[in-house]
Amino acid sequence: MAREILPAKSLLAPKPTSQNESVFSAPSVQRRSFLKGLGVVGTALSAGSLLSPMAEAQERNDVITVGDVAILRFLAAAEILETDLWQQYNELGGIQDSEVPGGSGSKLYTAGLEILDEDMPQYIHDNTEDELTHEVFINAYLVSQGAKPVSLEQFRNLPSSQATGAQQIGRLTNLMQLSVDTTWYTRYRSRTGNPDLGDTFMQAVPSIAMGQHPAIPRTDDDVQPDPSKAHHISDLTQAIANTAGFHFATIEQGGTSLYAMLAQRVTSLEVLRIVLSIGGTEICHFQTWSDKAGNAPPLSVVDPVTGLTVTFPDLNAPPLGGEDFQTNLIMPEPTAFLSRKLPACSIIRPTATKGAAMGAVRALTADGLFIGQSKEFFKFMKTLATEADLAVRQ
Ligand SMILES: [Fe+2]
Ligand SMILES: [Fe+2]
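Residues numbered from 1 in each chain as written. Chains lettered and ligands numbered in written order. Predicted model: local features only at pLDDT ≥ 70, side-chain atom pairs only at ≥ 80, totals over all residues. Heavy atoms only, no water.

### Some details on the packing of aromatic side chains
Counting across every chain of the model gives 18 aromatic pairs. The ring of Tyr185 carries the charged tip of Arg189 above its face, separated from the ring centre by 3.6 Å. (Phe/Tyr/Trp six-rings, centres within 6.5 Å; stacked < 30°, edge-to-face > 60°. Lys NZ or Arg CZ within 6 Å of the ring centre and 35° of its normal.)

### A few points about empty space enclosed by the protein
Under the counting rule described, the total for this entry stands at three cavities of 30 Å³ or more. There is about 40 Å³ of room inside the second largest cavity. His213, Pro214, Leu236, Ala239, Ile240, Thr243, Asp303 and Val310 together form the lining of the second largest cavity. Considering every element that reaches the lining of the second largest cavity, the biggest residue donor is helix α8 (residues 235-263), with four residues. (1 Å grid on protein atoms, 1.4 Å probe; cavity = no way out; pocket = protein on both sides within 12 Å on 5 of 7 lines; lining within 4 Å. Points joined across faces, edges and corners; volume = space filled by probe spheres on them. Helix = DSSP H or I, 4+ residues; strand = E, 2+ residues; numbered from the N terminus.)

### Thoughts on the packing of helix α11 (residues 356-366) against helix α12 (residues 375-389)
Contact geometry for α11 and α12: axes closest at 7 Å, N-to-C directions at 150°. Judged on the interaxial angle alone, α12 and α11 are roughly antiparallel. In contact with Ala356, Ala357, Met358, Val361 and Thr365 of α11, α12 contributes Phe378, Met381, Lys382, Ala385, Thr386, Ala388 and Asp389. Of the residues in the contact of α11 with α12, the class split is eight nonpolar, two polar and two charged. (Axes fitted to C-alpha atoms, helices over the stretch in contact; angles between N-to-C directions. Parallel < 35°, antiparallel > 145°, perpendicular 65-115°, else oblique. Contact = heavy atoms within 4.5 Å. Nonpolar A, V, L, I, M, F, W, Y, C, P; charged D, E, K, R; others polar.)

### Considerations on the pattern of salt bridges
Summed over all chains, the structure comprises 11 salt bridges. The partner of Arg171 in a salt bridge is Glu91, with the nearest N and O atoms 2.7 Å apart. You can see Arg171 sitting in the loop between α5 (120-144) and α6 (183-187) and its partner Glu91 sitting in helix α3 (residues 66-93), a full 80 residues away along the chain. The class for Arg171 is buried, based on a relative accessible area of 2%. The class of Glu91 is buried, set by a relative accessible area of 0%. (Salt bridge = Lys/Arg side-chain N within 4 Å of Asp/Glu carboxyl O. Buried < 20%, exposed > 50% of the residue type's maximum accessible area, 1.4 Å probe, protein only.)

### Topic: the coordination of the iron ion (ligand 2)
For a metal with four tetrahedral donors the ideal donor-metal-donor angle is 109.5 degrees, whereas six octahedral donors ideally subtend 90 or 180 degrees. Protein coordination of the iron ion (ligand 2) is provided by Glu82 (OE), Glu131 (OE), Glu252 (OE), Glu252 (OE) and Glu282 (OE), with donor distances spanning 2.0 to 2.7 Å. Each donor residue of the iron ion (ligand 2) belongs to the same chain, and together they define the spacing E-x48-E-x120-E-x29-E. Between the iron ion (ligand 2) and the iron ion (ligand 1) the interatomic distance comes to 3.4 Å, and Glu82 is a ligand of both metals. Taken as a pair, Glu82 in helix α3 and Glu131 in helix α5 lie far apart in primary sequence, 49 residues in all. Of the two residues, Glu82 and Glu131, both sit in the buried class. (Donors = N, O, S within 2.8 Å, 3.2 Å for Na, K, Ca; no water.)

### Things to note about the confidence of the model for the chain
Residues with a pLDDT of 70 or more make up 87% of the chain, whose mean pLDDT is 88. Every residue in residues 1-49 is under pLDDT 50, and counting partners more than four places away or in other chains gives 74 contacts. (pLDDT = per-residue confidence, 0-100.)

### Focus on the coordination of the iron ion (ligand 1)
Ligation of the iron ion (ligand 1) by protein atoms is provided by Glu79 (OE), Glu79 (OE), Glu82 (OE), Glu131 (OE), His134 (ND1) and Glu282 (OE), these donors lying 1.9 to 2.5 Å from the ion. Coordination at the iron ion (ligand 1) is irregular, judged from the six donor atoms that bind it and the angles of 56 to 167° they form at the metal. Overall, the relative accessible area of 0% leaves Glu131 in the buried class. Taking relative accessible area as the criterion, Glu282 reaches 0% and is therefore assigned buried. (Tetrahedral: all angles 85-135°; square planar, octahedral: opposite > 155°, others 65-115°.)

### Section: the layout of surface pockets
Of the volumes computed, that of the largest pocket is approximately 800 Å³. Surrounding the largest pocket, 40 residues form its lining, Gln253, Gly254, Gly359, Ala360 and Ala363 being those nearest its centre. For the lining of the largest pocket, the secondary structure elements donating two or more residues are α3, α6, α8 and α11. Among the elements that take part in the lining of the largest pocket, α8 stands out by supplying nine residues, more than any other. Of the residues assigned to the lining of the largest pocket, the class counts are 21 nonpolar, 11 polar and eight charged.

### Digging into the packing of α8 against helix α9 (residues 269-293)
At a minimum axis separation of 8 Å, α8 and α9 run at an interaxial angle of 155°. When the interaxial angle is binned, α8 and α9 end up roughly antiparallel. Crossing geometry of α8 relative to α9 is assigned as left-handed. Residues Gly245, Phe246, Phe248, Ala249, Glu252, Gln253, Gly255, Thr256, Tyr259 and Ala263 of α8 form the contact with α9, whose participating residues are Leu272, Val275, Leu276, Ile278, Gly279, Glu282, Ile283, His285, Phe286, Trp289, Ser290 and Ala293. Here the contact of α8 with α9 is composed, by residue class, of 13 nonpolar, seven polar and two charged. (Left-handed = near helix turned anticlockwise from the far one by under 90°.)

Next comes the structure, spelled out in structure tokens:
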């Protein structure tokens, strides 16, 4: 069967009713409807009746629906945003090279990150490169299917850090006024709680979850040497590096959930393969950052710019600490999944699919990542999210 190409113009707010989407996957819809009428959904098909499983599999490979395109377009935008923020981290705290060009590094900020793990610059570089390839691949795939790629270039208006080492270019994201949600730290260590079952989780670092905090140096004032400290890293610089260390995991656990949530509403097997394969990388990232954040040294410092006290607690002491919260529990603890009647299971969470894309936009907005962005930016992102959340698996 010839691949059905989706015209780009059809992407504007089509309602994914079976009538609309049947333009792209009519045989599948018809077969399902017919089976439903017979009351045999879920039973095996007899050979020769209707479509064979092989034929259905082929059909799912050959069809890309309006919903699939909407999901990929939202993910392309999310990846562009991820690339933008990771690029800012790499310019100041990663490895600037031909794979991830731009910036020249901030020595003391990088040293602060290396307190969490000496390989932090390499990991930051690799995470940045990965996001860039996600963005480029998804957009290229959209084009290969006759669909419109996503660009956020018109929204690249936020300022760069003024610290030495950062490029002076327009940004999409703001890493200097973050409210970092650190509940992933306790959520992934909980043996009973699951956000999909209505549970909520305490902040591991309450002080960076409230107020606005830099995760990169704003100016060179944030990276002045303090000869009284080890490696001359001031408490302010270390607090900024610690904030980054938690924000890395906050971003990547979000990507981890987002891909798993949206995968459930993909129709094309090839698009499902893309979503699962890229989503798996987000999980790799989260796992790495989950390990590093636990190494953030305890400290308390007043940020002279905001006047706020930033406190990183001893993560091995109450109210955390104990067996369930020890910092080396970096793999997802088994917890309730689907139903509390079923046995506990080690899973990523949350993964409920309803409203996934809009939930991601809301979470990133709540973290302060878009402070300073225009109304048009939010409208564009919300439109992409709405379209993705209307996608229905056919
Ligand atoms: Fe990504
Ligand atoms: Fe990511």
